[in-house]
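Examining the three-dimensional arrangement
The residues making up each chain are set out below.
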Amino acid sequence: MTTLSGKNIIVTGGAGFIGSTLVDRLCTNNKILVVDNMHTGSIGNLSKAMKSGNVTLKRSSSADISKPRFDADIVYHLGMYSSTPMYKKDPRLLGKVASDMINVLEYVREHRVPLVFASTSSIYNGVKPPHREDAQYKVTDYYTEGRIFAERASELYGLLYDSDIAAMRFFSVYGPKERAKREYANLISQFMWLMEKGHRPVIYGDGTQKRDFIHVDDVVEALVRAHAVKGFKVYNVGTGSSHTVNSMVGVLNEKLGTAIKPKYIKMPISNYVRETLADTSKAKRELGFSARIPLDKGISMLTGSKSAGRRQGDPNSHTLLKRTTKPIIT
Ligand SMILES: NC(=O)c1ccc[n+]([C@@H]2O[C@H](COP(=O)([O-])OP(=O)(O)OC[C@H]3O[C@@H](n4cnc5c(N)ncnc54)[C@H](O)[C@@H]3O)[C@@H](O)[C@H]2O)c1
């Protein structure tokens, strides 16, 4: 497990699922400023880290990164609207993500510090797997466009100012602390929350669609390693294996001790992604990163985790259950 020490670190989106898991990893030996507008973040995600006395939370947009007086050594930028349907509802979020990104890039340019940010495997939508970082991408949706902009603007800052920037294309990330994301949480968490209560999850199509599911602890490992990148680089953050949604439900049934049959409905999405699968060779070669947690173990960790479900007494659980009995976009 890689970590850092003695650094001042900004984590935008640090109250979110991945961001707070990163903060948990780093908070013991570093000073951390979390900048989060709490759109899908929660203070509960930071409760453990706050006890370290090393974490300050600023409830604000990522655009305000330079407002608190904090001389960062490293910036992690995860504070961007995190799901495709959010942008469909309000396409103006695309402009917001782009302008926030410029503020973050200006901060790292002025302070001459490295930036690691959340890109996405959605960039490969419509591209045949396995997905390599140099694949030719296509225009697909607003969310993806925002990340393509973030990558291209970062490349420009690398070219013009020698900024050190790593764009991390996360695949399908799951793990504890997804409660505040509610209907935007990973399919594994959403299905688990339903199945724990004896409800049947809804699958689009026949369940043979495949996803490269990666545990959040592995993602955090990749993020920590990426802080030392030189120049502008893009990395896949996946496992290099993909699993069908049917087999994922099978593992959930096994770990939960249930025998719930999913409900299958006709595929309602025309440009639905059949498979995501990371080519992991570049991250392995350049970052020394390989995912260590296989799906079976990751789901075991999740079903056994106190923070995973209603057993924690989460106030949102009833709302979530009501919402997720609707068909879910996978
Ligand atoms: N979880 C995945 O499978 C996955 C896959 C690909 C990319 N990503 C990206 O990784 C990042 C983290 O995702 P996550 O799964 O932890 O989701 P999340 O929704 O839990 O985290 C995003 C965090 O950023 C905050 N935020 C959103 N917009 C903001 C803004 N304008 N200013 C400040 N804070 C803002 C939210 O309140 C939240 O705390 C996101 O950018 C997401 O798009 C996630």
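Right, let's talk about the domain arrangement of the protein chain for a bit. In many reports, interface size means the accessible area that the parts give up when they come together. Domain parsing of the protein chain yields domain 1 (8-172 + 214-237) and domain 2 (180-212 + 242-274 + 294-324). A breakdown of the residues in the side of domain 1 that touches domain 2 according to their chemical character gives three nonpolar, 11 polar and no charged.

Taken together, 29 residues sit near the ligand, with G13, G16, G41, G79 and A118 positioned nearest. Looking at the shell around the ligand residue by residue, the class counts come to 11 nonpolar, 15 polar and three charged.

Looking now at the pairing of strand 4 (residues 74-77). By the alternation rule, side chains of strand 4 split into I74 and Y76 and V75 and H77, which are all buried. Relative to strand 4, strand 1 (residues 8-12) runs parallel, the two being bridged by four bridges. The residue of strand 4 that forms the bridge with V11 is Y76.

Here the focus is the environment of S119. Looking at where S119 falls in the secondary structure, it is placed in strand 5 (residues 115-120). On the basis of neighbour count, S119 is assigned to the buried category, with 24 C-beta atoms found within 10 Å. For the pair S119 and I188, spaced 69 residues apart in the sequence, the C-alpha separation amounts to 21 Å. With residues up to four places along the chain from it excluded, the contact list for S119 reads R147, A150, E151, A167, M168 and R169.

The seven strands lie next to each other as 3-2-1-4-5-6-11, forming an open sheet whose pairing is parallel. This sheet does not close on itself; its edge strands, each paired only once, are strand 3 (55-59) and strand 11 (232-237). Between one strand and the next, the sheet's axes are offset by a mean angle of 20 degrees, whatever the strand orientation. Relative to strand 6 (residues 165-170), strand 5 runs parallel, the two sharing six bridges. In the sheet register, T120 faces strand 6, and the bridge partner there is F170. Packed on one face of the sheet, helix 1 (residues 17-26) meets strand 1, strand 2 (31-36), strand 3 and strand 4 and runs near 165 degrees to strand 1. Helix 4 (residues 93-111) rests against strand 1, strand 4 and strand 5 of the sheet, and its axis sits at about 170 degrees to strand 4.

Turning our eyes to something else, we now look at the nonpolar core. Formed by 80 residues in total, the largest nonpolar core has its most connected members in V23, Y76, M168, V219 and L223. At seven residues, helix 6 (residues 187-195) tops the list of elements feeding residues into this core. Each of domain 1 (8-172 + 214-237) and domain 2 (180-212 + 242-274 + 294-324) contributes no fewer than three residues to this core.

Here the focus is helix 6. Most of helix 6 is tucked away: nine of the nine residues are buried. What helix 6 keeps buried is the set L187, I188, S189, Q190, F191, M192, W193, L194 and M195.

Assignment of secondary structure puts D24 in helix 1. Residue classification places D24 among the partly exposed residues on the basis of 19 C-beta atoms within 10 Å. Through-space distance from the C-alpha of D24 to that of K48 is 7.2 Å; in sequence the pair is 24 residues apart.

Another point: unusual backbone geometry. Residue P129 is joined to P130 through a cis peptide bond whose omega torsion reads 0 degrees. One can find P130 in the loop between strand 5 and helix 5 (142-161). A positive phi is found at R112, a non-glycine position, where the angle reads about 50 degrees. Mapped onto the secondary structure, R112 falls in the loop between helix 4 and strand 5. Located in the positive-phi region is R182, a residue other than glycine, with phi close to 45 degrees. Tracing the backbone through its elements, the reader meets R182 in the loop between strand 7 (172-174) and helix 6. The exposure class of R182 is partly exposed, given the 17 C-beta atoms found within 10 Å.

Structurally, S99 is set in helix 4. On the basis of neighbour count, S99 is assigned to the exposed category, with 12 C-beta atoms found within 10 Å. C-alpha separation for the pair S99 and S62, spaced 37 residues apart in sequence, amounts to 9.6 Å.

Glancing now at the confidence of the model for the protein chain. Put simply, the protein chain has an average pLDDT of 92, and 92% of its residues get 70 or more. In the predicted structure, residues 306-330 sits below a pLDDT of 50 and forms 42 contacts with residues beyond four places in sequence or in another chain.

Another aspect to go through is the packing of helix 8 (residues 245-256) against helix 10 (residues 295-303). Interhelical geometry of helix 8 versus helix 10 gives an angle of 45 degrees and a closest axis separation of 10 Å. By the angle between their directions, the pair helix 8 and helix 10 is classed as oblique. Every pair of crossing elements has a handedness; the one defined by helix 8 and helix 10 is right-handed. Touching M248, V251, L252, K255 and L256 of helix 8 are L295, D296, I299, S300 and T303, all from helix 10. A per-class count over the contact of helix 8 with helix 10 returns six nonpolar, two polar and two charged.

Criteria and cut-off values
Residues numbered from 1 in each chain as written. Predicted model: local features only at pLDDT ≥ 70, side-chain atom pairs only at ≥ 80, totals over all residues. Domains from an automatic or database assignment. Nonpolar A, V, L, I, M, F, W, Y, C, P; charged D, E, K, R; others polar. Near = placed C-beta within 6 Å. Buried ≥ 20, exposed ≤ 12 C-beta atoms within 10 Å, placed from the backbone. Helix = DSSP H or I, 4+ residues; strand = E, 2+ residues; numbered from the N terminus. Pairing = 2+ DSSP bridges. Contact = placed C-beta atoms within 7 Å. Axes fitted to C-alpha atoms, helices over the stretch in contact; angles between N-to-C directions. Core = buried A, V, L, I, M, F, W, Y, C linked by C-beta atoms within 7 Å. pLDDT = per-residue confidence, 0-100. Parallel < 35°, antiparallel > 145°, perpendicular 65-115°, else oblique. Left-handed = near helix turned anticlockwise from the far one by under 90°.

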